[in-house]
Amino acid sequence: MTTIYDIAKKTGYSPTTVSKAFNNYSDVREKTRQDILRAAKEMGYLPNAHARTLTTKKSWTIGVLFVEETGAGIRHPFFSAVIESFKQVAVAKGYALMFISKDVGGKQSGYLENCRIRGVDGVVVFLSDYDDPYFLELLESDIPTVILDYDTAQSHTVCSDNMAGAQLAVNYLASLGHRRIAHISGGGNSFPGSQRELGYIAAMELQGLEVRDGYIAEGAFFSRESGYAAMLKLLELAERPTAVFASGDLLALGAVMAAKDKGLSVPSDISVIGYDDIELAAYVSPALTTIRQDTERLGTRAAEILLASIDGKGQEKEALMLPVEVVVRNSCAPPGGE
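Residues numbered from 1 in each chain as written. Predicted model: local features only at pLDDT ≥ 70, side-chain atom pairs only at ≥ 80, totals over all residues. Heavy atoms only, no water.

Visitor: Summarise the overall build of the protein; cite the residues concerned and give the values.
Guide: Counting its regular elements, the protein contains 13 helices and 14 strands. In terms of its C-alpha atoms, the protein occupies a principal-axis envelope of roughly 80 × 40 × 35 Å. Out of the 338 residues in the protein, the part that is buried amounts to 50%. Sequence separation of at least 24 residues holds for 71% of the intrachain contacts in the protein that already meet a minimum separation of 6. Accessible surface for the protein amounts to roughly 16100 Å². Of this, 51% is attributable to carbon and sulfur atoms. Charged side chains of the protein number 33 positive and 42 negative; the gap between the two group centres comes to 9 Å. (Helix = DSSP H or I, 4+ residues; strand = E, 2+ residues; numbered from the N terminus. Buried < 20%, exposed > 50% of the residue type's maximum accessible area, 1.4 Å probe, protein only. Contact = heavy atoms within 4.5 Å. Areas by Shrake-Rupley, 256 points an atom, 1.4 Å probe, with all protein chains shown as cover. Lys, Arg positive; Asp, Glu negative; His and termini not counted. Charge placed at Lys NZ, Arg CZ, Asp CG, Glu CD.)

Written as structure tokens, this is what we have:
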């Protein structure tokens with residue numbers, strides 16, 4: 001069986017340096033770490049997880065909190081992309097991910113108790129019921145946390161600039177000449193949905209445009225089906241909009257489908273702009289103009305912030321907001337015959 005002493009002999013580094021490399025000590029240079037990890041892989045060495053835990057006083061496990069009653073969220077391409085980039089950073093640093101719940105051994109308890117039992121080193125929150133007392137109990141504990149797409153002083157947070165993104169969308173449509181711009185909201189019960197709706201209202205005011213009655217249609221859960229239903233309501237208005245800003249790309253894709261089913265052409269009869277820039281947005285017809293979130297950077301920075309907190313660095317709660325940008329494709333055009 002290969003030992004750290006065998007690896008030390010092969011690489012020329014001391015056994016202490018080899019051990020530190022496996023345990024992600026900060027005083028080991030990255031080149032040294034990579035040399036040691038490469039040699040370990042070639043020699044078929046598998047670190048003893050129990051010994052590693054005893055040595056570092058860590059479980060090397062990160063809890064993932066993702067609670068969303070409809071089940072749509074976990075399948076949403078935005079969240080899956082962010083989770084993947086988070087996972088890549090965490091795994092590269094030697095951590096495993098584990099979903100946590102309020103159910104421990106068939107008995108309902110709480111997130112904090114679950115985390116204590118599992119011994120997780122930290123928790124990343126992608127979606128939760130933010131008013132749940134069990135969730136608040138976790139935030140008030142000493143377990144490091146980072147939350148995506150939420151705002152609280154009790155945890156590190158990482159999000160895109162949702163209000164600015166909504167304003168970019170409205171400003172782009174206005175630059176094409178649209179005056180009757182409607183909004184399909186992601187739902188007021190979500191932080192990004194409410195922020196984007198506020199951004200839409202603020203941008204309309206700055207552009208001197210009226211938010212007419214019925215021009216904000218609820219698109220719950222950021223799903224394609226709710227985007228479809230919301231668009232149908234907008235198209236039934238006596239003075240229908242010439243352009244629609246949807247709070248998510250799946251909402252926008254549902255809106256495009258509804259317009260087509262009503263015999264309208266996108267963008268000749270009505271323009272549609274989305275939010276997220278999921279991979280599918282570039283391949284539908286027409287290709288979707290949207291607001292791009294940097295999902296890779298969102299997940300990467302969330303992981304980096306949480307791992308630093310686990311290591312005792314960055315104790316001040318960090319609220320990171322990342323910029324967004326307009327991606328122009330084919331689903332928007334100047335209004336015809338307005």
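There is more to say after this.
Visitor: Talk me through the packing of helix α6 (residues 77-92) against helix α13 (residues 295-310); I want residue IDs and the actual numbers.
Guide: In contact at an axis separation of 7 Å, α6 and α13 are set at 45° when each is read in the N-to-C sense. Classified by the angle between their axes, α6 and α13 sit oblique to one another. In this structure, α6 crosses over α13, and the sense of that crossing is right-handed. Of the residues in α13, those touching α6 at Phe78, Ala81, Val82, Ser85, Phe86, Val89 and Ala90 are Thr295, Glu296, Leu298, Gly299, Thr300, Ala302, Ala303, Glu304, Leu306 and Leu307. For the contact of α6 with α13, the residue count by class is 11 nonpolar, 4 polar and 2 charged. (Axes fitted to C-alpha atoms, helices over the stretch in contact; angles between N-to-C directions. Parallel < 35°, antiparallel > 145°, perpendicular 65-115°, else oblique. Left-handed = near helix turned anticlockwise from the far one by under 90°. Nonpolar A, V, L, I, M, F, W, Y, C, P; charged D, E, K, R; others polar.)

Visitor: Which residues make up unusual backbone geometry, and what values go with them?
Guide: The step from Val266 to Pro267 runs through a cis peptide bond, and the omega angle for that step is 15°. In this fold, Pro267 is placed in the loop between α12 (249-261) and β11 (271-276). The step from Ser285 to Pro286 runs through a cis peptide bond, and the omega angle for that step is 0°. With respect to the element layout, Pro286 can be found in the loop between β11 and β12 (289-292). If you check the backbone angles, Trp60 has positive phi at about 60° while not being a glycine. Assignment of secondary structure puts Trp60 in the loop between α4 (49-56) and β1 (61-66). On the basis of relative accessible area, Trp60 is assigned to the buried category, the value being 4%. For Asp277, which is not glycine, the phi dihedral falls at a positive 65°.

From the geometry alone we can't say anything about function, so treat these as descriptive.
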